[in-house]
Amino acid sequence: MSKKILLMFCLLTLVSCGVKNNSKLTGKKIKSRELVSKEKYRAQQQTAEEQRRMHDEAKKDKEKKAAAKSNETLVATSRISVTADMIQDYILQYKDIAKDNMGQFGIPASITLAQGVLESGSGQGTLSKNANNHFGIKCHKEWDGPSVRHTDDAPDECFRKYEAPEESYRDHSQFLVSRSRYSDLFSLDQDDYEGWAHGLKKAGYATDPKYASKLISLIERYSLDQYDREVLGDKPAKVKKEIKKEVENKKTETRVASSKTHTVQKGDTLYSISKKYNTTVAKLQKTNNLNGTNLSIGQRLKL
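From a predicted model like this one, the values you see are computed outputs, not experimental measurements.

Asks: Help me understand the state of the cysteines, please; the structure alone is not making it clear to me.
Replies: Between two cysteines, a covalent bond joining their sulfur atoms is known as a disulfide. Applying the stated criterion across every chain, the model contains one disulfide. Here cysteine 139 connects covalently by a disulfide to cysteine 158, the sulfurs 2.0 Å from one another. The sign of the S-S torsion, about -65°, decides the handedness of the disulfide formed by cysteine 139 and cysteine 158: left-handed. Taken as a pair, cysteine 139 in the loop between α4 (126-131) and β3 (147-150) and cysteine 158 in strand β4 (residues 157-160) lie far apart in primary sequence, 19 residues in all. Judged by its relative accessible area of 7%, cysteine 139 is buried.

Take a look at the structure:
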């Protein structure tokens, strides 16, 4: 009997030791699992924090770019700084005039508008405000209209004055058409605004070495070439050739009209004018219905 009791006691002792050891092992495993979970949690937290930081930086960068674009300024040749909104308003105001002139004279509307923006400071420059001169065209010897004095490449230069901006736009087209140094431009396609921009610089329209790139930048930034396409449309090649021929005829007429008149300058006499154009005083008098030899400065004579 005592042996059975002793045996039972031993068995109970062994079972108790096994349970304790097992609980110790299980505790270690749980603790190990807890450590792994905490490390994983911290890693996840760090990843999430990094993603939030990158998102915030990208958002700030985007906001900065948007702000920079809205406050973008252009320093025009008239030394006036204008904003993108002012440029856009100017384009909307004069796009139809530029398109009409393109149809009549063959000068891309995109080029006309870009020059207007750059030369007039989007209509904010001194010349454009005081003289409606949007293209910085100087008087030159043949000009007999109103003028103003303005310091540009040299002090107190003579610039043309117009009654309205529309006159400035038309005179700009006639100016390019009637001058031989710009004749190469009209052999270019009307949708080749890059060629026109470089051609204007090469012909000496402006002294700024970056003039062509500034025009191209304006055209591309504000999609001004869309107005060229609106004028040209999807016309067949034959129609486009006819339009080009009409433009050439218009150019010829303008050059001929310009070459067959003379504007009287200070010191001119009928005799000096007749010698200059290889004609006679009598012929000049007859052509212009003159009874005598008196002339007025600015008077335009038919030759």
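And the narrative resumes.
Asks: How do you make sense of the packing of aromatic side chains when you look at a structure like this?
Replies: Remark: the centre distance and the inter-plane angle together describe each pair of aromatic rings, the angle taken between the planes. On inspection of all chains with the given rule, the structure shows eight aromatic pairs. Summarising the aromatic geometry, the rings of tyrosine 94 and tyrosine 169 are spaced 5.2 Å apart at their centres and angled 15° between planes, so their arrangement reads as stacked. Taken as a pair, tyrosine 94 in helix α2 (residues 84-105) and tyrosine 169 in helix α5 (residues 165-178) lie far apart in primary sequence, 75 residues in all. Judged on exposure class, the residue tyrosine 94 and its partner tyrosine 169 are both buried. Judged by centre distance (4.8 Å) and plane angle (80°), the rings of phenylalanine 135 and tyrosine 169 are edge-to-face. Highlighted residues: phenylalanine 135 in the loop between α4 and β3 and tyrosine 169 in helix α5, separated in sequence by 34 residues. Here phenylalanine 135 and tyrosine 169 have matching classes, each one buried.

Criteria and cut-off values
- Position numbers for residues count from 1 along each chain, tracking the sequence in the order it is written.
- Under the rules for a predicted model, residues below a pLDDT of 70 receive no local features and side-chain atom pairs below 80 are neither given nor counted, while totals for whole chains, interfaces and linings still include all residues.
- The side-chain figures draw on all heavy atoms in the structure; neither hydrogens nor water molecules are used.
- Whenever a pair of cysteine sulfur atoms sits within 2.5 Å, that pair is classed as a disulfide.
- Secondary structure follows DSSP: runs of H or I at least 4 residues long count as helices, runs of E at least 2 residues long count as strands, and numbering of each begins at the N terminus.
- Relative accessibility decides the category of a residue: with a 1.4 Å probe and only protein chains considered, values under 20% of the type maximum give buried, values over 50% give exposed, and everything between is partly exposed.
- Each Phe, Tyr or Trp ring (for Trp, its six-membered ring) is paired with any other whose centre lies within 6.5 Å, and the angle between the two planes then decides the class: stacked below 30 degrees, edge-to-face above 60, tilted in between.

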